[in-house]
Amino acid sequence: MRPVSEIPYQVRVSRRAKYARLRMSPHDGLIVVVPKGFDVRKVPGMVESRREWIEKVQNSFERKRVSGVSDTGQALPSKLELSGIGESWCVTYRSQESKGVSVREISADVLAVTGQIHDDELCRKALEMWLKRRAAFKLSPQLERLAAIHGFSFSSVSIRKQRSRWGSCSSRGTISLNLKLIFLPPLLVRYIMLHELCHTRHMNHSARFWSEVGRFDPDYAAHDREMRHAWRFVPGWFASKS
Ligand SMILES: [Zn+2]
């Protein structure tokens, strides 16, 4: 049997805490957050009972520190550069005993990822869900504005993470945009939106379709060429799985 080591921790009294809980971050280590009036003599036992979880999280921090990458080989982002919607977010990670992982906006440009953060897959999924909400909030109105300015109409828009298409338009006028557009330069996002809007008038890639696109985006040919290489704008942690 290996000797059982003491687990270092700090105790923090929180006015808002309703019950005691453990929190871990690579920077601060283990913090026991307790409500006001909590009997601190209970803390060592509480920490000991959670030893397995604490060591698991510590090991994952250590692995990341050594390799700089996560278990999946793609580092989770500390920054999200969302050129497509003109935003840039810092991402902080904090381990907390809870089911799953949640993502919250804690200020105008800081996201907090909390929960089972040693599970990369859960973090990736939670970030993806947040990106989807953000994209719907910003890209959808952008498409509506473009349509209004140029006199297009479409029935609805959906934003989905897709592997091989940047956008599509159905015969019913439903436009679908790839979530990955959020990482692309704004001019390319605009091009894709115009391209799909023009499909509401021409359901093909005929000469008439392209001349329609050219009316709204004179550089459409260059933008269309750039789209072939636009996958490089999508960060690895996000691109790897669809
Ligand atoms: Zn097309």
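Scroll up a little and you will see the structure.
None of these values were measured; they are calculated from a predicted model. (Residues numbered from 1 in each chain as written. Predicted model: local features only at pLDDT ≥ 70, side-chain atom pairs only at ≥ 80, totals over all residues. Heavy atoms only, no water.)

Here we come to the overall build of the protein chain. What the protein chain contains, in helices and strands, is 7 helices and 10 strands. Relative to a compact globule of 242 residues, whose C-alpha radius of gyration would be 18 Å, the protein chain shows 24 Å and is clearly more extended. Its C-alpha atoms give the protein chain principal-axis dimensions of roughly 75 × 35 × 25 Å. The burial tally for the protein chain puts 43% of its 242 residues in the buried class. Partitioning the contacts of the protein chain with sequence separation of at least 6, the portion at a separation of at least 24 is 49%. Counting every atom, the protein chain has about 13,600 Å² of accessible surface; 51% of that belongs to carbon and sulfur. (Helix = DSSP H or I, 4+ residues; strand = E, 2+ residues; numbered from the N terminus. Rg over C-alpha atoms; globule rule 2.2 N^0.38 Å. Buried < 20%, exposed > 50% of the residue type's maximum accessible area, 1.4 Å probe, protein only. Contact = heavy atoms within 4.5 Å. Areas by Shrake-Rupley, 256 points an atom, 1.4 Å probe, with all protein chains shown as cover.)

By size, the foremost hydrophobic cluster in this structure holds 63 residues, and its most contacted members are Leu-80, Leu-82, Leu-131 and Leu-184. Considering each element in turn, this core owes the most residues, 10 residues, to helix H3 (residues 120-150). When residues of this core are assigned to domains, at least three fall in each of domain 1 (10-50) and domain 2 (131-239). For Leu-80, the contacting residues outside a window of four places in its chain are Glu-87, Ser-88, Trp-89, Val-91, Leu-111, Trp-130, Leu-131 and Trp-237. (Core = buried A, V, L, I, M, F, W, Y, C linked by side-chain atoms within 4.5 Å. Domains from an automatic or database assignment.)

What follows covers the pattern of salt bridges. This structure, assessed with the given rule, holds 12 salt bridges. For Glu-97, the salt bridge is made with Arg-50, and the minimal N-O distance between the two is 2.2 Å. Separated by 47 residues along the polypeptide, Glu-97 in the loop between strand E5 (87-96) and strand E6 (101-107) and Arg-50 in the loop between helix H1 (43-49) and helix H2 (51-67) bring together distant segments of the chain. Note on Glu-97: relative accessible area 29%, which makes it partly exposed. Using a relative accessible area of 30% as the deciding quantity, one classes Arg-50 as partly exposed. A salt bridge links Arg-215 to Glu-212, with the shortest nitrogen-to-oxygen separation between them at 3.2 Å. Of the two residues, Arg-215 and Glu-212 both sit in helix H5 (residues 207-216), 3 residues apart, roughly one turn of that helix. (Salt bridge = Lys/Arg side-chain N within 4 Å of Asp/Glu carboxyl O.)

For strand E7 (residues 110-115), a buried count of 6 out of 6 residues is recorded, marking the element as mostly surrounded by other parts of the structure. Taking every second residue as pointing to the same face, both faces of E7 are buried, with Val-110, Ala-112 and Thr-114 on one and Leu-111, Val-113 and Gly-115 on the other. In this structure, E5 lies alongside E7, joined through 6 bridges in parallel fashion. Paired with Ser-95 across the bridge in E7 is Gly-115. With 6 bridges connecting them, E6 and E7 associate as antiparallel partners. (Pairing = 2+ DSSP bridges.)

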